[in-house]
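Structural features, examined
These are the residues of each chain, in order.
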Amino acid sequence: MGANERASSTSEGGPSGSIAAIGGAVFGVGVAYGAMATSHGFPLWFAPALGVAVLAASAEMMFTAMVIAGTSPILALLSTLLINTRHVPYGFSVSHDLGHDGRKWLRAHLVNDESIAMALAQSSGRARRRALTRTGIAILVTWPLGAAVGGVVGQFVSAASLGLDSAFPVIMLSLLKTRVFDPELRGPLIVGMGGALVASIWLPAQLALFVPLAFIPMIRTDRT
Amino acid sequence: MSSLLLVCAIILAIGTYAFRVLGLVVSARVELGEKWENLMGTAAIFLIAGVLITSTFLQDDTFAGMARILGVTVAGIALACRVRLIAAIVIAVMVTALARLAGIQ
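Bear in mind the structure is a predicted one, so any value in this text is a computation, not a measurement. (Residues numbered from 1 in each chain as written. Chains lettered and ligands numbered in written order. Predicted model: local features only at pLDDT ≥ 70, side-chain atom pairs only at ≥ 80, totals over all residues. Heavy atoms only, no water.)

Time to look at the overall build of chain A. Looking only at helices and strands, chain A features 12 helices and zero strands. Put simply, chain A runs from its N terminus to its C terminus through helices and strands in the order α-α-α-α-α-α-α-α-α-α-α-α. A globule of 224 residues ought to have a C-alpha radius of gyration of about 17 Å, and chain A, at 18 Å, matches this closely. Reported as C-alpha extents along the three principal axes, the dimensions of chain A are approximately 60 × 55 × 30 Å. Out of the 224 residues belonging to chain A, those deemed buried represent 56%. Long-range pairs, those at least 24 residues apart, make up 65% of the contacts in chain A between residues at least 6 apart in sequence. Carbon and sulfur atoms make up 67% of the accessible area of chain A, which totals about 9,200 Å². Positive and negative charge centroids in chain A, built from 15 and 11 side chains respectively, lie 8 Å apart. (Helix = DSSP H or I, 4+ residues; strand = E, 2+ residues; numbered from the N terminus. Rg over C-alpha atoms; globule rule 2.2 N^0.38 Å. Buried < 20%, exposed > 50% of the residue type's maximum accessible area, 1.4 Å probe, protein only. Contact = heavy atoms within 4.5 Å. Areas by Shrake-Rupley, 256 points an atom, 1.4 Å probe, with all protein chains shown as cover. Lys, Arg positive; Asp, Glu negative; His and termini not counted. Charge placed at Lys NZ, Arg CZ, Asp CG, Glu CD.)

Below, the structure is given as structure tokens:
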């Protein structure tokens, strides 16, 4: 889920209202995530446990969706880790705000798209730490809770009949939204997606999804 | 569920936490190098693009059907109109479910 998506929400309704809105949204996505997992044979505990342990929302969903699509867990792991490298600059951006005691290392786990957007919207270091901690804890509760509720639902009803299989592509779409308008990336991205679509006619999904990477050399970086 | 899957899930959790802590501890002087950082960011975007395509169009390596494509397309239009992500997801789910109810697979 995009950091800029959340940044816009901080301007409305003040921090506590925004945190409640984030918690509600994360819960809703969690339901889709949990239902996707159990309706494809994952045990009920898996999605909430992975959610607490990784706490990066889109990453857990991507890992699970890739494994469901038949990708080897190792390739799914490497792909998801690549997506999660954005947490390095996130951590860096609040490195002076998380305090100096041992709890700093606990707060570090709460760093993700939403909590960083909320933290960086504050002006003082103290307010940043408070916003990050509160948003992070709200997600730590609502994300696995949503996944557990969805997981129970997924055991009784097929996720497909509820249309829940369309939730994950929309999350991927939202991550791409800001970048597809980047004039340097737009062309290669669109061609890459077309390539993946054509490739998916012959290739299994687990291979077709890597096709856009082949179009990275198309990006013109000579800005003069 | 295989033990390989479990091990990969645990490494994913440890790796993600390591990225967060790495960002916290590296000083401004020890940067990864702008070029390397840019390439990683770009690769991630293109990988997301691939996942978007396969997760929209494929189910078990065959065509996923028009219902899901319809739902994702309508949600995409909603996102372009600056609708919030959670609202766009609800739209996608409802459109897909209604399409299937109407007999579109």
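Another point: the nonpolar core. Counting residues in each nonpolar core, the largest one holds 91 residues, and the members touching the most others are F63(A) and M172(A). Of all the elements, helix α2 (residues 34-57) of chain B adds the most residues to this core, at 10 residues. With residues near it in sequence (within four places) discarded, M172(A) still touches S58(A), M62(A), I48(B), V51(B) and L52(B). (Core = buried A, V, L, I, M, F, W, Y, C linked by side-chain atoms within 4.5 Å.)

The subject of this paragraph is unusual backbone geometry. Residues and elements named next belong to chain A. Although it is not a glycine, L55 adopts a positive phi angle of roughly 55 degrees. Along the chain, L55 falls in the loop between α3 (46-54) and α4 (58-68). Judged by relative accessible area, L55 falls into the buried class, the value being 1%. A positive phi angle, close to 50 degrees, is found at A57, a residue other than glycine. Relative to the assigned elements, A57 resides in the loop between α3 and α4.

It is worth spelling out the environment of P204(A) at this point. You can see P204(A) is positioned in the loop between α11 (183-202) and α12 (205-208). In this structure the C-alpha to C-alpha distance between P204(A) and V67(A), which are 137 residues apart in sequence, comes to 13 Å.

Looking now at the side chain of S200(A). In this structure, S200(A) sits in helix α11. One polar contact links the side chain of S200(A) to the main-chain carbonyl oxygen of L197(A), over a distance of 2.6 Å. With sequence-adjacent residues up to four places away left out, S200(A) is seen in contact with A208(A) and L58(B). (Polar contact = N/O pair within 3.5 Å; in protein donor to acceptor, adjacent residues only side chain to side chain.)

Further remarks concern the interface of chain B and chain A. The partner chain A presents 82 residues to the 60 residues of chain B that form the contact. Between chain B and chain A, roughly 6,200 Å² of surface is buried when both sides are summed, and carbon and sulfur atoms account for 80% of that area. Taken as a group, R20(B), L24(B) and F46(B) account for 13% of the area that chain B buries against chain A, more than any other trio of residues on that side. Where chain B touches chain A, the interface holds two salt bridges. Measuring nitrogen to oxygen at the nearest pair gives 2.8 Å for the salt bridge that ties R100(B) to D165(A). At the junction of chain B and chain A, the tally comes to 13 residue pairs in polar contact (both at pLDDT 80 or more). Mapped by element, the contributors of at least two residues to the side of chain B that touches chain A are α1 (3-25), α2, β1 (58-59), α3 (66-80) and α4 (85-101) of chain B. (Buried area = accessible area lost by both parts, 1.4 Å probe. Salt bridge = Lys/Arg side-chain N within 4 Å of Asp/Glu carboxyl O.)

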